[in-house]
Amino acid sequence: MSFLLCLAVLASPAPAQDRARIEGQFRTWLEQSVWPRAQAEGVTRRTFEAAFANVRLNWDLPDLVPPGQEVSPRDGQHQAEFRSPAAYFGRRSVDDATTVGRQMAARHAATLTAVERATGVPGRVILAIWGRESGYGRVDIPHDAFEVLGTKGFMSTRAEYFTDELIAALEIAEAGQWPPGSLRSSWAGALGQPQFMPSSVLGYAADGDGDGRADIWNSEADTIASIGNYLARHGWQPGRDWGFEVTVPPDVSCTREGPDQGRRIAEWEALGIARVGSRPFPEAERQAEGFLLMPAGRNGPAFIVTPNFYVLKDYNTSDLYALFVGHVGDRIEYGVGDFAAPWRDVGDLTRPQIASMQRALEALGHDVGGADGLPGYKTRRSIGRWQEANGQTATCFPEQGLVAALAP
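## Details of the sheet that holds strand β5 (residues 243-247)
Taken in spatial order, the 5 strands of this open sheet run β6-β8-β9-β5-β7, and their pairing is antiparallel. Strand pairing shows two members of the sheet lacking a second neighbour, β6 (263-264) and β7 (274-275), which therefore form its edges. Where strand β8 (residues 289-293) and strand β9 (residues 302-305) come together, 3 bridges link them in antiparallel fashion. Within the sheet, the bridge partner assigned to L293 lies in β9 and is F303. Set on the sheet, helix α12 (residues 307-315) makes contact with β8 and β9; between it and β8 the angle comes to about 60°.

Here it is in structure tokens:
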């Protein structure tokens, strides 16, 4: 699956004359650091050598820090989370995921029913994840997994994490699930139709077609079962939805957002928060805990989400990812339309600008969840609290004017 976003950096590219030297350091690292760990996990020398026979460092991958190079912020990096979030919900991506998802729902009705019965995870949610991750298995997965994981384990901003995943990929190859030379991954090292990281393949891949194997590369039934198993094992609450679009009155502050400020949905109703379309919340949900989510602050749709929303975030840590999955799932099964509230333009801030704003808020005593350049809920509500403390209307989202206002 897509791994959590980390602070992207750019190191000065290694000069061509240095690359041969660094390549040699890479081979030494494989022998002295990776092989002993792999051997301790039962990986044979034959599998190890097959995995790295044709592997070289991939200098085109993001977030690389060559040995001896300094890390510096990447100027001008943009993400959907801090540009207009509308970009994440592009017409084509939503419609394609919905249309093909309905076809898959009909094709795999029996498997989806069986997996939902076993895990409690609705089929529509499984389908939406499958569609987002690999286009229902139709998206090309272009990279050699050992090249990606080896490169990132040797010289990335999260080297320890990727080294652990490299060892897991070697265990997959040793088990004979996929020949080492043809194990393909995303640029982040994610595998198969569900885009599991290798450790998740080992921990959560499931047999959905009854052949005794868990093949997330070729079996659609196994892909469905594996996604359901992953969500169930991460705490999906059967019988609960993921969330509901709502309207938030002006007198309810956007600073109430966050999974640490939950209350019964009936209590949110008492504050004036209502489900869009004049529809009531399901009675069982009214008595359960919900959380305010405003991913664009006052500049876009608002939601009351359930704990299951945060289970979706265990699959991918982006609020917009989890929202996309929940929304597309609802479109597949219930035929719902677009969100009632529009996504408004929120400017075009870069990640270093967001990080600078976060550091300024931290200096004022706010908990922004880390100055990583990603405007998560802690950053959003810290902005709102600063705005309210300074006599402004809280918008709870990074804006160009705030960069200057918070500059030291």
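## Structural notes on the state of the cysteines
Enumeration according to the criterion identifies 1 disulfide in this entry. Bridging C254 to C396, the disulfide has an S-S length of 2.1 Å. On the sign convention where negative means left-handed, the S-S torsion of about 80° between C254 and C396 marks this disulfide as right-handed. A residue pair is termed long-range when its members are at least 10 positions apart, and C254 in the loop between β5 and β6 and C396 in the loop between α15 (377-389) and α16 (400-405) qualify at 142 residues. Of the two residues, C254 and C396, both sit in the buried class.

## Let's talk about the side chain of S156
Within the element layout of this structure, S156 appears in the loop between α6 (145-155) and α7 (159-174). For S156, a relative accessible area of 9% translates into the label buried. Looking at S156, its side chain comes within polar contact range of the main-chain nitrogen of R158, at 3.1 Å. Separated by 3.5 Å, the side chain of S156 and the backbone nitrogen of A159 make a polar contact. Contacts of S156, omitting those with residues within four sequence positions, involve D63, L64, V65, T151 and F162.

## Focus on the nonpolar core
Of all hydrophobic cores here, the largest spans 82 residues; its most connected members are F52, F89, I129, F146, L170, L231 and L312. Here this core gets 8 residues from one element, more than from any other, and that element is helix α13 (residues 319-334). Ignoring any residue separated from it by four or fewer positions in sequence, one finds F52 in contact with R27, L30, F146, L166 and L170. The next biggest cluster of nonpolar side chains, apart from the first, holds 15 residues, and it includes F244, V248, A302 and A394.

## Focus: the packing of α6 against α7
In contact at an axis separation of 7 Å, α6 and α7 are set at 150° when each is read in the N-to-C sense. The orientation of α6 relative to α7 falls into the category roughly antiparallel. Viewed along their axes, α6 and α7 form a crossing whose handedness is left-handed. In contact with F146, L149, G150, K152 and G153 of α6, α7 contributes A159, F162, T163, E165, L166, A169, L170 and A173.

What counts, and where the lines are drawn
Residues numbered from 1 in each chain as written. Predicted model: local features only at pLDDT ≥ 70, side-chain atom pairs only at ≥ 80, totals over all residues. Heavy atoms only, no water. Pairing = 2+ DSSP bridges. Helix = DSSP H or I, 4+ residues; strand = E, 2+ residues; numbered from the N terminus. Contact = heavy atoms within 4.5 Å. Axes fitted to C-alpha atoms, helices over the stretch in contact; angles between N-to-C directions. Disulfide = S-S within 2.5 Å. Buried < 20%, exposed > 50% of the residue type's maximum accessible area, 1.4 Å probe, protein only. Polar contact = N/O pair within 3.5 Å; in protein donor to acceptor, adjacent residues only side chain to side chain. Core = buried A, V, L, I, M, F, W, Y, C linked by side-chain atoms within 4.5 Å. Parallel < 35°, antiparallel > 145°, perpendicular 65-115°, else oblique. Left-handed = near helix turned anticlockwise from the far one by under 90°.

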